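# A structural walkthrough
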Amino acid sequence: MRKQVVVVGGGQGGLSAAIYARLRGHDVMLLERSGVLGGKAAGIELSGYRLDPGPSIVILPRIYEQVFQDAGRNMADYLRFQRLDPISRVCFEGQPALDLPAGRAEIERLVREIAPGDAPNFTRLMANLDHVTPHIDRSIFAHPYDRPWQLADPHLVAFAMRFDLRATYKELVDGWFQSPLLRAFFYGFPSYGGQTYDSKAPGALMIPYLMLQEGVFYPEGGVSAIPAAFERLARELGVEFRTSANVTKLKMDGPRLGGVHLESGEVVAADAVISNVDRSTTREWLGDIDRRPPSLSYFTVHLGVRRRLPGLRHHTLLIPSDFERGFETLYRHRQFPEPPIVYLNDTTSTDASTAHPGCTNLFAVVTSPAEEDHLDWAGDYRSRVIATLARFGIVIDEAEIDFERTQTPTYFREMHGNYRGSLYGVDEKSRLFGGLFPLRNRDEQIDNLFYCGGSVQPGAGLPMVTLSGRFAASYL
Ligand SMILES: Cc1cc2nc3c(=O)[nH]c(=O)nc-3n(C[C@H](O)[C@H](O)[C@H](O)COP(=O)(O)OP(=O)(O)OC[C@H]3O[C@@H](n4cnc5c(N)ncnc54)[C@H](O)[C@@H]3O)c2cc1C
């Protein structure tokens, strides 16, 4: 039956959901609170610089390609990717900078050079993940997990059999690698899914594997070109868009939803609603206040610097020598990491059009707690980031800064509706099946309410939320 579907929120997840709902033959209206689409992946023009203020590490273009194929289109007509080489520079304090090359053989050669004792385990790990990837494609990337019996899926079992599931992520990494550099590189990845290195999170190994094996990319025109391409496709398919449409409540019609209330007082009728806004925030519109702890977030400082900063690649990771302490304060004490491990994105390395000639468009990102009771995000975290840059010889004079822009978890709550500023929703212990999976893409109580985005399956990150849109629409 053809339904009137309302998608709330035009982030990458919402755009994907709108496309798939339309492909299933429904009438689709997407309501976006802000004036632009793309959510965290939307670009910003500031002082003559072009900023990508959210995602910057682009992996898995094949996931976007699938969407265009499903719509009978050729992605190259909408979106083009350049593979980056090196994929990243890694600066370990006190050691020469290392560039991670874009080929599997080259990366294995590099590991043999820098950490000969760890090289056999690194090669074994990559080979192990070669076997796992097809199973992930057919399970976690293929469909949502809704009921406990689905955990018996042979593809999930095949994945699980490859790792010691009694061990935490840190125990696995420490068991394989002695090199501080390898440990520091790997420790960060559970946070990409809102987990910590004390979690049983072997799935987090897929991220470095996919970066090293399938590559890291830069879309022509910047990261915001991804949601822009999705918006174009959605419009061509007949999705209707309304921006500056702030949803404040869900309208119940008996036990089901009848539509959504806008701040303007208008009610938009719907047979089904897919919310791209955090699941807990969406439930709050029904009066259901979530008290569970939030997961993790980011603190960012974006700087326009009136000269080219030397020593940077498109992606550069700054690892202080006492990084163990940084991860411990973040993961175990839910504090701003001290010292912070700073990830830098310098788009000017690849795309000079993102800054004034001869200038640097520098984006510094620190994985941080979300809005925890013991943290005051009005505090000065910016100077801790600047101090870390200085530890690595990146000294920026205030007089050479064209613009500065920071984002905190509070910003993400206020601007994007993230639950307590977390990018991954509730903390992992509160998730599905004993914390194994992010929350469901369907509501358990209201049978015409569905969810996509970083707080639900298969998780956060641009490729994952793209899949989440398909998952949510599959229930229509
Ligand atoms: C600093 C940072 C760095 C990141 N780095 C990476 C990376 O390198 N690689 C990667 O893949 N991912 C990265 N991510 C994660 C990635 O950006 C997100 O997982 C993804 O963009 C989230 O998309 P979404 O569709 O879930 O939600 P969002 O992008 O948050 O979109 C939600 C939309 O809903 C709208 N909305 C909210 N409330 C309402 C309302 N009441 N009514 C109507 N509309 C509403 C918002 O305005 C927004 O447009 C990063 C995120 C951040 C913040």
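Residues numbered from 1 in each chain as written. Predicted model: local features only at pLDDT ≥ 70, side-chain atom pairs only at ≥ 80, totals over all residues. Heavy atoms only, no water.

Next up on the list: the overall build of the chain. Scanning the chain from terminus to terminus reveals 15 helices and 19 strands. The globule rule puts the C-alpha radius of gyration for 476 residues at 23 Å, and the 22 Å found for the chain is close to it. A principal-axis box enclosing the C-alpha atoms of the chain has dimensions of 65 × 55 × 50 Å. Put simply, the chain has 476 residues, and 60% of those count as buried. Summarising the internal contacts of the chain: among those between residues at least 6 apart in sequence, 72% fall at separations of at least 24. (Helix = DSSP H or I, 4+ residues; strand = E, 2+ residues; numbered from the N terminus. Rg over C-alpha atoms; globule rule 2.2 N^0.38 Å. Buried < 20%, exposed > 50% of the residue type's maximum accessible area, 1.4 Å probe, protein only. Contact = heavy atoms within 4.5 Å.)

What follows is about the site of the ligand. Lining the immediate surroundings of the ligand are 34 residues, of which Gly13, Glu32, Lys40, Ile57 and Val247 lie closest. Between the ligand and Gln12, the relevant distance is 3.4 Å, taken from an oxygen atom to a main-chain nitrogen or oxygen of the residue. The protein chains hide 94% of the 1,000 Å² of surface that the ligand would expose on its own. Tallied by class, residues from the shell around the ligand come to 16 nonpolar, 15 polar and three charged. (Near = heavy atom within 4 Å. Polar contact = N/O pair within 3.5 Å; in protein donor to acceptor, adjacent residues only side chain to side chain. Areas by Shrake-Rupley, 256 points an atom, 1.4 Å probe, with all protein chains shown as cover. Nonpolar A, V, L, I, M, F, W, Y, C, P; charged D, E, K, R; others polar.)

A word on the packing of helix H1 (residues 12-23) against helix H15 (residues 462-474). Their axes nearest at 7 Å, the elements H1 and H15 cross at an angle of 35°. In terms of crossing hand, the pair formed by H1 and H15 is right-handed. On the side of H1, the interface is formed by Gln12, Gly13, Ser16, Ala17, Tyr20 and Ala21, while H15 contributes Leu462, Val465, Thr466, Ser468, Gly469, Arg470 and Ala473. Class assignment of the residues belonging to the contact of H1 with H15 gives a composition of six nonpolar, six polar and one charged. (Axes fitted to C-alpha atoms, helices over the stretch in contact; angles between N-to-C directions. Left-handed = near helix turned anticlockwise from the far one by under 90°.)

Attention now goes to the sheet that holds strand E1 (residues 4-8). The five strands lie next to each other as E9-E2-E1-E13-E19, forming an open sheet whose pairing is parallel. Edge positions in the sheet fall to strand E9 (240-242) and strand E19 (449-451), since each of these pairs with one other strand and no more. Adjacent strand axes in the sheet meet at a mean angle of 20°, parallel and antiparallel pairs treated alike. Sheet topology places strand E13 (residues 272-275) next to E19; three bridges connect them, and they run parallel. Its bridge partner lying in E19, Ser275 is registered against Tyr451. Contacting E1, strand E2 (27-31), E9 and E13, H1 crosses the sheet at an angle of about 165° to E2. (Pairing = 2+ DSSP bridges.)

Another point: the domain arrangement of the chain. Domain assignment breaks the chain into domain 1 (4-41 + 59-70 + 221-292 + 429-474) and domain 2 (104-214). A C-alpha centroid distance of 29 Å is found between domain 1 and domain 2. The interface of domain 1 with domain 2 comprises 19 residues on the first partner and 21 residues on the second. Of the roughly 1,500 Å² buried at the junction of domain 1 and domain 2 (both faces included), carbon and sulfur atoms supply 57%. Of all residues in domain 1, Arg62, Phe433 and Phe437 give up the largest surface area on contact with domain 2, accounting jointly for 32% of the area buried on that side. Our count for the contact surface shared by domain 1 and domain 2 stands at four salt bridges. The salt bridge partner of Glu214 is Arg62, with a shortest N-O separation of 2.8 Å. For the interface between domain 1 and domain 2, the tally reads eight residue pairs in polar contact (both at pLDDT 80 or more). Of all the elements in the fold, those that place two or more residues in the side of domain 1 that touches domain 2 are helix H2 (61-70), helix H14 (432-435) and H15. A per-element tally of the side of domain 1 that touches domain 2 places H15 first, with four residues. Among the residues making up the side of domain 1 that touches domain 2, the classes are represented as twelve nonpolar, two polar and five charged. (Domains from an automatic or database assignment. Buried area = accessible area lost by both parts, 1.4 Å probe. Salt bridge = Lys/Arg side-chain N within 4 Å of Asp/Glu carboxyl O.)

To continue, consider the sheet that holds strand E7 (residues 98-100). Pairing is mixed in the open sheet, where seven strands are placed in the order E7-E6-E15-E16-E17-E14-E18. Each edge of the open sheet carries a strand with a single partner, namely E7 and strand E18 (401-407). Across the sheet, the axes of successive neighbouring strands diverge by a mean angle of 20°, strand direction being ignored. Here four bridges tie strand E15 (residues 315-319) to strand E16 (residues 342-346), and the two strands are oriented antiparallel to one another. From the neighbouring strand, Leu317 faces E16, where its bridge partner is Tyr343. Packing of helix H11 (residues 323-332) onto the sheet brings it into contact with strand E6 (88-92), strand E14 (296-305), E15 and strand E17 (360-369), and relative to E17 it is tilted by some 60°.

Take the packing of aromatic side chains next. Per the counting criterion, the structure on display carries 32 aromatic pairs. With a centroid separation of 5.9 Å and 5° between ring planes, the pair formed by Phe450 and Tyr475 is classed as stacked. Of the two residues, Phe450 sits in strand E19 while Tyr475 sits in the segment after H15, which places them 25 residues apart along the sequence. Tyr475 gets classed as partly exposed once you look at its relative accessible area, which sits at 25%. By the ring-pair criterion, three or more aromatic residues cluster together here, those being Phe122, Phe159, Phe163, Trp176, Phe177, Phe185, Phe186, Phe189 and Tyr192. (Phe/Tyr/Trp six-rings, centres within 6.5 Å; stacked < 30°, edge-to-face > 60°.)

Moving on, we come to the pattern of salt bridges. For side chains bearing opposite charge, pairing can occur when the charged atoms are close. Taken as a whole and assessed by the stated rule, the structure comprises 36 salt bridges. Measuring nitrogen to oxygen at the nearest pair gives 2.8 Å for the salt bridge that ties Glu266 to Arg242. You can see Glu266 sitting in the loop between strand E11 (256-262) and strand E12 (267-269) and its partner Arg242 sitting in strand E9, a full 24 residues away along the chain. Take Arg242: its relative accessible area is 29%, and that puts it in the partly exposed class. Several salt bridges converge on common partners, so that one network encompasses Asp146, Arg279, Arg440, Arg442 and Glu444.

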